[in-house]
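Each chain, written out:
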Amino acid sequence: GENVEQHPSTLSVQEGDSAVIKCTYSDSASNYFPWYKQELGKGPQLIIDIRSNVGEKKDQRIAVTLNKTAKHFSLHITETQPEDSAVYFCAACLSGNTPLVFGKGTRLSVIA
Amino acid sequence: GAVVSQHPSRVICKSGTSVKIECRSLDFQATTMFWYRQFPKQSLMLMATSNEGSKATYEQGVEKDKFLINHASLTLSTLTVTSAHPEDSSFYICSARVAARTDTQYFGPGTRLTVL
């Protein structure tokens, strides 16, 4: 089955700097890769996703890149703000009715 | 994005009692809902997949007689923790897939269960 590895587990950046979180997946058949942001005591919030027919997707300060050959995808947050501080999870699945497989999460701290 | 609600947000119960958690998709129909549990500082662990009108599919190691799941309609799934024990204390989160787009998955706000 699918296995998703996520790095780093913790990340501290200065406000205004960029943050990059990387994930690798094992199943080459996976074709859907969402990213979730989870604040303390809340459910995960979908922030961006990418499908395997594109290599990059951007939404304001957030971008995701996908390298299908290498089986890795990354989340990029530019101009970080304190409110970006949260735990971020990557996930992967084969589009359809298969469950998402999550990475272990990255705790991002943005220092003002 | 689509909205998923959960009720209650927090519940404290005595050991041996049963607790029901509701998950609702508020503005879309969800043919498939998922139940996760999450321990502090850990990732989400899938417990079961619930399809409307059929029996839930449980992940390995999850006791189906202890965690009863019902998905009676396209907007409601329930998780009942039967005979709860302190080790069942956790953060339970549901998610739902929008029927028309079968990969995008939205999560509820979670339910914090504490068993005394």
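Each chain has its residues counted from 1, running along the sequence as written. Chain letters start at A and ligand numbers start at 1, both assigned in the order the entries are written. pLDDT decides what is reported in this predicted model: residues at 70 or higher carry local features, side-chain atom pairs at 80 or more are listed and counted, and totals for whole chains, interfaces and linings draw on all residues regardless. Each side-chain value is derived from all of the structure's non-hydrogen atoms; neither hydrogens nor water enter the calculation.

Thoughts on the state of the cysteines
- Disulfides are defined in this document as cysteine sulfur pairs within 2.5 Å. Enumeration over the complete set of coordinates arrives at 2 disulfides over all chains.
- Note that A:Cys23 is cross-linked by a disulfide to A:Cys90, the S-S spacing being 1.9 Å. As the torsion about the S-S bond is roughly -100°, the A:Cys23-A:Cys90 disulfide counts as left-handed. Taken as a pair, A:Cys23 in strand E3 (residues 19-25) and A:Cys90 in strand E9 (residues 86-92) lie far apart in primary sequence, 67 residues in all. Considered together, A:Cys23 and A:Cys90 belong to a single accessibility category, that of buried residues.
- Its sulfur unpaired, A:Cys93 is 12 Å from the next cysteine sulfur, which belongs to A:Cys90.
- Partly exposed describes any residue whose relative accessible area lies between the buried limit of under 20% and the exposed limit of over 50%, with all areas from a 1.4 Å probe on protein chains only and scaled to the type maximum. For A:Cys93, a relative accessible area of 2% translates into the label buried.
- Of all cysteine sulfurs in the structure, the one in B:Cys94 sits closest to B:Cys13, which takes part in no disulfide; the separation is 18 Å.
- We classify B:Cys13 as buried; its relative accessible area is 9%. Note on conventions: DSSP H or I runs of at least 4 residues are helices, E runs of at least 2 residues are strands, and numbering of each starts at the N terminus.

Here we look at the pairing of strand E1 (residues 4-7) of chain A
All names here are of chain A.
- Every second residue of E1 is oriented toward a common face, the buried set being Val 4 and Gln 6 and the non-buried set Glu 5 and His 7.
- Paired strands, in this sense, are two strands between which DSSP finds at least two bridges. Relative to E3, E1 runs antiparallel, the two being bridged by 4 bridges. In the sheet register, Val 4 faces E3, and the bridge partner there is Tyr 25.

Some words on the side chain of B:Ser90
- Relative to the assigned elements, B:Ser90 resides in strand E9 (residues 90-98).
- Discounting residues that sit within four places of it in the chain, B:Ser90 has contacts with B:Arg37, B:Gln38, B:Phe39, B:Thr111, B:Arg112 and B:Leu113. Contacts: residue pairs with any heavy atoms within 4.5 Å of one another.

Digging into the interface of chain B and chain A
- Counting residues at the interface gives 23 residues for chain B and 22 residues for chain A.
- By buried area we mean how much accessible surface two parts lose on assembly, using a 1.4 Å probe and totalling the loss over both. On the chain B side of the contact with chain A, B:Arg97, B:Asp103 and B:Phe107 bury the most area, a combined 29% of that side's loss.
- One side-chain nitrogen of Lys or Arg within 4 Å of one carboxyl oxygen of Asp or Glu is enough to make a salt bridge. At the boundary of chain B and chain A, one finds 1 salt bridge.
- Under this definition, polar contacts are N or O atom pairs within 3.5 Å; protein pairs additionally need one hydrogen-donor-capable and one acceptor-capable atom, and for neighbouring residues in sequence, both atoms have to be side-chain atoms. The interface formed by chain B and chain A holds 7 residue pairs in polar contact (both at pLDDT 80 or more) in total.
- Under this grouping Gly is polar, as are all residues other than the nonpolar Ala, Val, Leu, Ile, Met, Phe, Trp, Tyr, Cys and Pro and the charged Asp, Glu, Lys and Arg. Counted by class, the side of chain B that touches chain A contains 9 nonpolar, 10 polar and 4 charged residues.

Overview of the sheet that holds strand E7 (residues 67-73) of chain B
Residue and element names in this part refer to chain B.
- Judged by pairing direction, the sheet is antiparallel, and its 4 strands sit side by side in the order E1-E3-E8-E7 without closing on themselves. Strands at the two margins of the open sheet, each flanked by one partner only, are strand E1 (4-7) and E7. Between one strand axis and the next, the sheet turns by 15° as a mean value, whatever way the strands run.
- Bridge count between E7 and strand E8 (residues 76-81): 5 bridges; the pairing is antiparallel. Residue pairing in the sheet places Ser 73 in a bridge with Leu 76 of E8. All axes here are fitted lines through C-alpha atoms, helices being fitted over the stretch that makes contact, and every angle between N-to-C directions spans 0 to 180 degrees.

Considering the packing of aromatic side chains
- Note on ring pairs: Phe, Tyr and Trp rings are taken, using the six-membered ring of Trp, and paired if centres are within 6.5 Å. Classes follow the plane angle, with under 30 degrees stacked, over 60 edge-to-face and the rest tilted. With the rule as written, the count across this model stands at 12 aromatic pairs over all chains.
- Here the aromatic rings of A:Phe89 and A:Phe102 are separated by 6.4 Å at their centres, their planes lie at 90°, and the arrangement is edge-to-face. Separated by 13 residues along the polypeptide, A:Phe89 in strand E9 and A:Phe102 in strand E10 (residues 101-102) bring together distant segments of the chain. The residues A:Phe89 and A:Phe102 share a single accessibility class, namely buried.
- Their ring planes at 45° and their centres at 5.4 Å tell us that B:Tyr36 and B:Phe107 sit as a pair that is tilted. Of the two residues, B:Tyr36 sits in strand E4 (residues 30-38) while B:Phe107 sits in strand E10 (residues 105-107), which places them 71 residues apart along the sequence. Here the two residues B:Tyr36 and B:Phe107 agree in accessibility, since each one is buried.

What to know about the nonpolar core
- Take the buried residues of types Ala, Val, Leu, Ile, Met, Phe, Trp, Tyr and Cys, join any two whose side-chain atoms come within 4.5 Å, and each joined set is a nonpolar core. Core analysis: the largest hydrophobic core is formed by 26 residues, its most contacted members being B:Val4, B:Trp35, B:Phe67, B:Leu79, B:Tyr92 and B:Leu113.
- Looking at this core, the elements that each hand over two or more residues are strand E2 (10-13), strand E3 (19-25), E4, strand E5 (45-51), E7, E8, E9 and strand E11 (111-115) of chain B.
- Membership of the second largest hydrophobic core comes to 24 residues, among which are A:Ala19, A:Ile21, A:Ala92 and A:Val110.

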